[in-house]
Amino acid sequence: MRLPPAPLLCALAAAAAYAPTLGNGFARDDEWLIARNPLVQDLSYLPTLATSHYWAGIDRDGNLWRPLTLVTVALEYVLGQGSPAVHHLGSLFLHAAASALAALLLRSLGLGAAGALAGGLLHALHPARSDAVCEAVQRSEILAFCGIAGALLLEARARERPDRRARLLLGMAGAFAGGLLAKESALLLPALLLGVHLLVPGARPRGPFAWVAPYAVLGAVAAAYLGARVAVIGGLGTGFPVSYLDNPVAEAPGPTRLATASEALASYASLSVWPATLSADRGFAESVPRETFLSAGPLAGVAVLLALVAAVAAARPAPRLALGAVAWGAFLLPFANFLFPMGFVLAERLLYTPLLGLSIAAGGALDRALAGAGPAGRRVAGAVAGVLLAAAGVRTAARTLDWRTEESLYESASRACPRSARSHCAVGDARLREGDVAGARTRYERALETWPDYSQAANNLGRCLQLQSDREGAGRLFRRAVETGPGNGQAAKNLGAFLAESAEAAEAGGRREEAARLRAEALPHLRRATELRPADPLAWGGLGTALLQAGDAPGAAAAFAEAARWAPEDPRWPESLARARGR
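Draft legend 1. Expanded view of unusual backbone geometry. Of note, the amide linkage connecting F284 to A285 takes the cis form, showing an omega dihedral of 0 degrees. Among the secondary structure elements, A285 is positioned in the loop between helix 12 (254–273) and helix 13 (296–313). The phi dihedral of R28 falls on the positive side, at around 50 degrees, and the residue is not glycine.

So this is what it looks like as structure tokens:
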């Protein structure tokens, strides 16, 4: 019986492993970038998505530009009317397509049928790729990979068909541009292409023009992309403030950052070959600064670097291993805090494209094993590969269930990484939404024990105390949240609203001077909230209410009009606007 083509098998395996995601809700960034982002909920905002930073619908500032990712999300939102299942189906389809492309790419790199199939299945089933598939907005990783793989396939075809080179290189440029517009990591494609040309037998271009042409095309596309990126976000995106919670070494001296990055590199290598423990968050205090290389973690990272160098040096006897090392390192090392600080120390989703290197090396190793073995040996090698891939598929399917809800995701993260302050805070958020104020309070307190300057945990703990009628404690925590997180728009909004409510209570009690003082203190915080969260109707509504109380009816009307613009279905804002204009 003939098996279906390898690309189809890989796509089907990917779809089967991630089918459980269709029952999942929104979690992590999906909650913000999809469920609460007005810019992806109406196709009239498509031009805005193309000309704004990634977080423009939520925050004023941002250093990412991924318009293609958000456009696909917006199309799905309108198609599915906000249903999470439609977004998860879209990610499943994209990952299945990427898995098929992986199998085709491996075949074009000279792997045999068995090696290409095994490598494509590894792409489909590797558990460390699960975050990029289970979280809809992380499809940026998948789309970037598809652009990279498509460009490499078209370049290979251009080498085979010189008579169609111009047309195929134009297609390569389009694929590369698509990858870049999905995620900036696609910029590393030329490095991998050079590895292909130097390491894959028979892949070297013939003649100077054939060598120069693909790199010239890629360079032109990269230059155009970088120019557009600078025009949209005002720079390349480096040097953006990073939370200590996400990356505790972003502002650390160079040696500390490098030692910590080295330990993270060892963790990436471990996750690549043994992804048993997976977590949605590995920030502070799961990741902590290492001030010296003279400890186990940083030394393990040095060993990984030396192993990569050794693999590349062994290119002649083991070209697939060398190319795998190039692919893994080229797409990981530049984003691992070695060259410049990133927004995180360690993030599993970052492995989506680098794991292509593992597919190349593993597929090549399987081909060699099959070629040098007799019938019995080939059966054993095939059985071992099958068992390992099946185990990966089972682990991946189990991982998808962690993403069922925000609470289940971060509960799993807090078990895998019990020192993660963000995970405890996120579980608290989920419990607070469910009305379990006491349970939420416990988790926020644990997060603050780990990191006392955690602004969001302080803000949310303040909400708990407010709900438990501890106004004094709530006010103290809101102030703490603003002091420790001057860029925290939620904290500014909550403190401003708290002060405005206190002013109203003082006014009702006849304490007019106290009411005027509290109102004067509230307004700057509420204005700051609208600056930090310009698309938040509640921030504008809170400002409008405070301005109306202060007697500024025109200012209140303008604020209510802005709230109504961002939430036209909410009846509160037209009513408040009419009241303000009636004054």
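Having put the structure on the table, let's press on.
Draft legend 2. Structural detail: helix 24 (residues 537–549). In a regular helix each residue adds 1.5 Å, so 13 residues correspond to 18 Å; helix 24 covers 18 Å between its end C-alpha atoms and thus fits that length. Residues of helix 24 that are buried include every one of P537, A539, W540, G541, L543, G544, A546, L547 and L548, and no others. Looking at the buried side of helix 24, the elements it contacts are helix 22 (489–508), helix 23 (512–532), helix 25 (553–566) and helix 26 (572–582). Backbone geometry just after helix 24 places G551 at a positive phi near 90 degrees.

Draft legend 3. Structural view of the side chain of E411. Structurally, E411 can be placed in helix 17 (residues 406–416). A polar side-chain atom of E411 sits 2.6 Å from a polar atom in the side chain of R431.

Draft legend 4. Examining the pattern of salt bridges more closely. For the structure shown, the criterion picks out 31 salt bridges. With its nearest N and O atoms 3.9 Å apart, the salt bridge here joins R471 to E501. On the criterion of sequence distance, the pair formed by R471 in helix 21 (residues 471–484) and E501 in helix 22 is long-range, its members being 30 residues apart. Residue classification places R471 among the partly exposed positions, given a relative accessible area of 35%. When the shortest N-O distance is used, the salt bridge between E531 and R528 registers 3.7 Å. Of this pair, E531 and R528 both sit in helix 23, three residues apart, roughly one helical turn. The class for E531 is partly exposed, based on a relative accessible area of 40%. Three or more residues joined by partner-sharing salt bridges are found here, namely R28, D131, E135, R399 and D402.

Draft legend 5. Expanded view of the environment of R517. Assignment of secondary structure puts R517 in helix 23. For R517, a relative accessible area of 49% gives the class partly exposed. Along the chain, R517 and L355 lie 162 residues apart, while their C-alpha atoms are 59 Å from each other.

Draft legend 6. Summary view of the nonpolar core. L109, L192, Y268, L323, W328 and L351 are the most contacted members of the largest nonpolar core, which totals 104 residues. When sequence neighbours within four positions are dropped, the list of residues in contact with L351 reads A128, Y268, L271, S272, W328 and L332. One finds A74, L477, L523 and L577 within the second-largest nonpolar core, a separate group that totals 65 residues.

Draft legend 7. Region of interest: helix 8 (residues 139–160). Counted at 1.5 Å a residue, the expected span for helix 8 with its 22 residues is 32 Å, and the 32 Å between its end C-alpha atoms agrees. Of all the 22 residues making up helix 8, 17 are buried; the element is thus mostly covered by neighbouring parts of the structure.

Draft legend 8. View of the packing of helix 12 against helix 13. As a packed pair, helix 12 and helix 13 sit with axes 7 Å apart at the nearest point and diverge in direction by 65 degrees. It follows that helix 12 is roughly perpendicular to helix 13 by the angle criterion. In this structure, helix 12 meets helix 13 at a crossing whose hand is left-handed. The residues of helix 13 that touch helix 12, namely those facing A259, S262, E263, L265, A266 and A269, are G297, P298, A300, G301, V302, V304 and L305.

Calculation notes
Residues numbered from 1 in each chain as written. Predicted model: local features only at pLDDT ≥ 70, side-chain atom pairs only at ≥ 80, totals over all residues. Heavy atoms only, no water. Helix = DSSP H or I, 4+ residues; strand = E, 2+ residues; numbered from the N terminus. Expected span 1.5 Å × (residues − 1). Buried < 20%, exposed > 50% of the residue type's maximum accessible area, 1.4 Å probe, protein only. Contact = heavy atoms within 4.5 Å. Polar contact = N/O pair within 3.5 Å; in protein donor to acceptor, adjacent residues only side chain to side chain. Salt bridge = Lys/Arg side-chain N within 4 Å of Asp/Glu carboxyl O. Core = buried A, V, L, I, M, F, W, Y, C linked by side-chain atoms within 4.5 Å. Axes fitted to C-alpha atoms, helices over the stretch in contact; angles between N-to-C directions. Parallel < 35°, antiparallel > 145°, perpendicular 65-115°, else oblique. Left-handed = near helix turned anticlockwise from the far one by under 90°.

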